[in-house]
Amino acid sequence: MHSGVLVLFLSLAKSCWCAPQQQSCDPADERLGRCTNTDVNGYGERPTCTELNLGYCNDMEYSRTIFPNILGHRSRVEAESGAEYLLLSVIHGLLNGECTPEIRLVGCSVLASPCQNNKMIKPCRSTCEALRKDCIHAFEAIEMAWPYFLDCDRFFASEQEGCFDPLAGMRARQEVAMSSLSPEEPSTIIQFTYTSNTQMYSLLKRTAAKCSHISHVYSIGRSTEGRDLLVIEFTNNPGRHELLEPEIKIVGNMHGNEVLGRQLLIYLAQYLCSEYTLGNQRIQTLINTTRIHLLASMNPDGYELAAAEVEDSNDPELSNQEGHLLNSWTNGRANAQNLDLNRNFPDLTSGFYRNRRSRFYRIDHIPIPDAYWFGKVAPETYAVMKWIRSLPFVQSASLHGGELVVSYPFDFSRHPQEERMFSPTPDEQVFKQLARTYADAHATMSDNDTERCGASFYRNGGIINGALWYSFAGGMSDFNYLHTNCLEITVELGCDKFPSEGELYPEWKRNKEALLSFLESVHRGIKGIVTDENGNGIKGATVSVKGIRKDVTTAEDGDYWRLLNPGTHILTATAKGYSRVSKRVYLPHSMNKAGRVDFVLKKVPVEPDIHDHLFPTVDSWDQFDPYNQFERNSDPDVTEEGIERQEKPWWWNYFSQSGVSPPQWLLRNV
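What counts and how
- Per-chain numbering applies: the sequence of each chain, read as written, is numbered from 1 onward.
- At least 70 in pLDDT is required for a residue's local features to be given in this predicted model, at least 80 for side-chain atom pairs to be given and counted, and no such filter applies to totals for whole chains, interfaces and linings, which use all residues.
- Working from all heavy atoms in the structure, the side-chain values ignore hydrogens and water.
- UniProt positions are given in the numbering used here, feature names are shortened, and annotations may be inferred rather than shown by experiment.
- Note on terminology: disulfide denotes any pair of cysteine sulfur atoms within 2.5 Å.
- Helix and strand assignments follow DSSP, with helices taken as H or I runs no shorter than four residues and strands as E runs no shorter than two, numbered in order from the N terminus.
- For our purposes a nonpolar core is just a set of buried Ala, Val, Leu, Ile, Met, Phe, Trp, Tyr and Cys residues, chained together by side-chain atoms within 4.5 Å.
- Buried means the residue's accessible area, taken with a 1.4 Å probe over protein chains only, is under 20% of the maximum for its type, while exposed means over 50%, and partly exposed covers the values in between.
- Only heavy atoms matter for contacts: two residues are in contact if any of them lie within 4.5 Å across the pair.
- All axes are obtained by fitting lines to C-alpha atoms, using only the stretch in contact for helices, and the reported angles, taken between N-to-C directions, cover 0 to 180 degrees.
- Each angle is binned into one of four classes, with values under 35 degrees roughly parallel, values over 145 roughly antiparallel, values of 65 to 115 roughly perpendicular, and all other values oblique.
- In this scheme the crossing of two helices becomes right-handed for a clockwise turn of the near helix relative to the far one and left-handed for an anticlockwise turn of less than a right angle.
- Residues are grouped as follows: Ala, Val, Leu, Ile, Met, Phe, Trp, Tyr, Cys and Pro are nonpolar; Asp, Glu, Lys and Arg are charged; all remaining types, including Gly, are polar.
- For this analysis, a ring pair means two rings from Phe, Tyr or Trp (six-membered ring only for Trp) whose centres lie within 6.5 Å, classed as stacked if their planes differ by under 30 degrees, edge-to-face if by over 60, and tilted for the remaining angles.
- Either the NZ atom of lysine or the CZ atom of arginine qualifies as a charge over a ring when it sits within 6 Å of the ring centre and within 35 degrees of the ring normal.
- Pairs of N or O atoms within 3.5 Å make up the polar contacts considered here, provided that, within protein, one atom can donate a hydrogen while the other can accept it, and that residues adjacent in sequence are counted only when both atoms are side-chain atoms.
- For two strands to pair, DSSP has to find at least two bridges joining them.

- Under an unreviewed UniProt entry, the name given to the protein is Carboxypeptidase Z-like isoform X1, and the source organism is Solea senegalensis.
- Annotation of the protein in UniProt includes, under Cofactor (unreviewed entry), the sentence "Zn(2+)".

### Observations concerning the state of the cysteines
Step number 1: Summed over all chains, the structure comprises 6 disulfides.
Step number 2: Each sulfur in the disulfide pair Cys 124 and Cys 163 lies 2.1 Å from the other. When the S-S torsion is 90°, as for the bridge of Cys 124 with Cys 163, the disulfide is right-handed. Linking Cys 124 in the loop between strand 4 (119-120) and helix 6 (125-141) with Cys 163 in the loop between helix 7 (152-155) and helix 8 (168-179), this pair joins segments that are 39 residues apart in sequence.

### Examining the nonpolar core
Step number 1: Phe 234 and Trp 387 are the most contacted members of the largest nonpolar core, which has 103 residues in total.
Step number 2: Sequence-distant contacts of Phe 234, that is, excluding residues within four places in its chain, are made with Thr 207, Ile 214, Ser 215, Ala 269, Leu 272, Cys 273, Ile 287, Thr 290, Arg 291, Ile 292 and Leu 294.
Step number 3: Core analysis: the second largest hydrophobic core is formed by 38 residues, Leu 52, Leu 94, Phe 156 and Leu 167 among them.

### A closer look at unusual backbone geometry
Step number 1: The linkage connecting Phe 67 with the following residue, Pro 68, adopts the cis geometry, with an omega of 0°.
Step number 2: Position of Pro 68 among the secondary structure elements: in the loop between strand 2 (64-67) and helix 3 (76-81).
Step number 3: Of the consecutive residues Pro 409 and Phe 410, the connecting peptide bond is found in the cis state with omega at 0°.
Step number 4: Residue placement: Phe 410 occurs in the loop between strand 10 (403-408) and helix 15 (428-441).

### Description of the packing of helix 10 (residues 260-277) against helix 18 (residues 504-520)
Step number 1: Contact geometry for helix 10 and helix 18: axes closest at 10 Å, N-to-C directions at 65°. Taken together, the axes of helix 10 and helix 18 lie roughly perpendicular to each other. When the axes of helix 10 and helix 18 are compared, the crossing they make is right-handed. Contacts between helix 10 and helix 18 involve Leu 260, Gln 263, Leu 264, Tyr 267, Leu 268, Tyr 271 and Leu 272 from the first element and Leu 504, Glu 507, Trp 508, Asn 511, Lys 512, Leu 515, Leu 516 and Leu 519 from the second.
Step number 2: Its residues placed into classes, the contact of helix 10 with helix 18 shows 11 nonpolar, 2 polar and 2 charged.

### Considerations on the packing of aromatic side chains
Step number 1: The full count for this structure, using the stated rule, is 27 aromatic pairs.
Step number 2: Judged by centre distance (5.2 Å) and plane angle (70°), the ring pair of Phe 139 and Trp 146 falls under edge-to-face.
Step number 3: In this structure Trp 146 comes out as buried when scored by relative accessible area, which is 12%.
Step number 4: Where Trp 373 meets Phe 624, the ring centres are 4.9 Å apart and the plane angle is 80°; that geometry is what we call edge-to-face. Of this pair, Trp 373 sits in the loop between helix 13 (349-355) and helix 14 (379-390) while Phe 624 is found in the loop between helix 19 (610-614) and helix 20 (629-634), placing the two residues 251 residues apart along the sequence. Here the two residues Trp 373 and Phe 624 agree in accessibility, since each one is buried.
Step number 5: Three or more aromatic residues joined by ring pairs form one cluster here, namely Phe 352, Tyr 353, Tyr 408, Phe 410, Phe 431 and Tyr 481.
Step number 6: It is Arg 262 that lies over the ring of Tyr 303; its NZ or CZ is 3.5 Å from the centre.
Step number 7: Above the face of the Tyr 481 ring, Lys 550 is positioned so that its terminal group lies 4.4 Å from the ring centre.

### A short note on the environment of Arg 291
Step number 1: Along the polypeptide, Arg 291 turns up in strand 8 (residues 291-295).
Step number 2: The class for Arg 291 is buried, based on a relative accessible area of 6%.
Step number 3: Arg 291 has contacts with Glu 233, Phe 234, Thr 235, Gly 239, Arg 240, His 241, Glu 245, Pro 246, Glu 247, Ile 248 and Leu 391, leaving out every residue within four places of it along the chain.
Step number 4: In terms of polar contacts, Arg 291 uses its side chain to reach the side chain of Glu 233, at 2.7 Å.

### Brief notes about the sheet that holds strand 17 (residues 567-574)
Step number 1: Taken in spatial order, the 4 strands line up as 15-14-17-18 in an open sheet, and their pairing is antiparallel. Both outer strands of the open sheet, strand 15 (548-553) and strand 18 (581-587), are each paired with one neighbouring strand and no more. Along the sheet, successive strands turn relative to each other by an average axial angle of 25°, direction set aside.
Step number 2: Here 4 bridges tie strand 14 (residues 542-545) to strand 17, and the two strands are oriented antiparallel to one another. Counterpart to Ser 544 in the pairing with strand 17 is Thr 572.

Written as structure tokens, this is what we have:
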């Protein structure tokens with residue numbers, strides 16, 4: 001939250017955040033008819049029940065309220081004009097999604113209490129006290145006092161006085177959802193042990209065969225040493241993209257020695273298969289409406305090295321029985337070429353910073369610079385880039401280890417000399433909510449326990465902007481965001497990169513709900529189809545949101561997805577050779593699925609544009625390794641005939657490092 005907004009709230013708190021004093025009627029005046037004590041608020045009006053019509057409170061469990069309210073607001077208009085209602089409208093953003101919707105629901109119960117027989121029913125004091133205990137740290141983190149209108153002693157009632165619990169309905173729905181999981185009788189059997197690469201491949205293939213009606217495995221390429229990069233997919237129609245069905249991916253083991261994410265994805269695959277078959281309604285709904293892709297190991301070569309370095313804890317000659325702790329923080333991190341895969345993607349973030357103020361350059365779907373291909377591109381990176389480009393991914397997570405926190409782009413600082421600088425994307429609020437989804441559902445990640453792993457992030461609720469934590473270029477999350485529609489977060493799963501085998505089951509329990517909640521959260525925001533007047537989908541149309549300078553493009557059949565937080569948004573769809581259409585959309589807080597917004601575009605004459613010639617980068621996204629440099633660099637330095645290859649020319653490193661493409665006449669001579 002910007003400091004200016006905080007100043008606004010502080011000034012409001014000083015100027016008008018005080019409850020109006022209630023006036024009592026003197027008995028003598030009452031006998032003369034000058035006033036009446038039946039008007040408990042002293043405004044000369046007899047309170048009566050009325051329809052609840054308060055925008056941010058319309059999803060309460062009741063439909064009738066009363067004015068004047070507890071705070072003395074005499075009408076809906078007066079309540080909506082107050083600082084209390086203003087705070088409720090922005091509380092989600094102020095607290096970065098923490099403690100909402102609980103704060104909003106309890107606040108609404110004060111602003112618009114339920115009414116029966118023209119009498120107000122106050123919210124329960126016990127509910128307020130429990131909420132304050134759980135959420136006071138969120139206000140302290142932004143140096144803001146607990147809101148006066150949530151004073152549990154002044155505006156709430158005890159059970160003996162007669163009250164209602166504004167959170168009862170939400171808790172009941174959560175209990176129903178959790179009861180369907182049957183936690184007391186686990187029916188899915190998973191063996192919580194480490195798996196070698198061979199065992200991993202076998203297990204994923206057996207899982208897909210067992211659930212062939214909802215799953216299949218496919219390889220996106222091979223590692224440096226020739227191991228498959230195997231993905232397991234879950235959907236009700238595996239092997240193809242379905243119209244309007246969002247695609248989501250989770251990538252594990254990018255760093256070979258960070259192994260917990262790899263194991264969690266193997267367990268998740270088995271869990272999804274088994275629970276779907278057993279009739280778990282939550283899992284069936286998830287798989288029937290979503291296309292899920294799990295890449296358990298992006299760096300199987302690195303894992304092989306890291307696993308070999310881990311001593312057998314049962315060896316009686318070892319003095320340290322915690323064998324897995326003997327693994328260092330670097331063995332197996334890189335791939336077999338000694339390349340850090342999370343520094344090996346194209347650095348598009350620097351180009352974003354350079355060109356973000358120019359209307360002649362796109363700052364989304366940025367093409368890969370030609371010069372990138374003249375450097376060392378890992379086969380694992382190459383395979384993942386092709387995969388990311390081949391499917392219309394909406395959302396993604398990369399699972400790492402070494403800390404307990406969720407970070408989100410940008411990972412590269414907007415000032416190259418600043419190692420730690422807050423560097424937000426245009427989708428800062430959406431990314432915060434994505435990170436919050438995982439952190440809040442994790443057993444301990446958002447705790448304010450200062451003694452735990454990840455305690456340094458407790459003031460942020462277990463989430464942080466990547467560049468504010470530490471800056472680096474060439475990361476996978478920044479590439480996802482700037483090159484495609486996909487929004488990716490990085491999940492650091494714990495301080496031990498290679499935990500002991502005995503920790504695998506407890507870690508599964510800590511992360512299972514977070515993984516499921518993250519998968520479900522892809523159904524947030526809006527989705528739709530962009531078509532022409534004949535109903536044909538338009539591929540490559542752009543859908544923009546006013547105020548967020550990041551467009552998404554439509555998939556093969558014209559469908560699109562746009563992750564958005566609740567609120568009012570103005571959307572615009574357009575395509576080359578077609579008209580521009582805008583729509584105003586309101587997404588309420590109570591929505592638990594993506595809203596549907598379709599566009600129909602009319603054909604219009606294409607006007608020649610000089611900028612199409614001067615700035616060809618707009619249309620160069622489809623170019624991928626245009627000079628076939630990856631295959632050239634992948635070849636051995638000696639041919640089959642034993643002849644050494646010619647050394648790279650003197651200008652090679654210059655263009656490779658400068659980010660500028662070499663001219664064609666130079667390339668012809670290579």
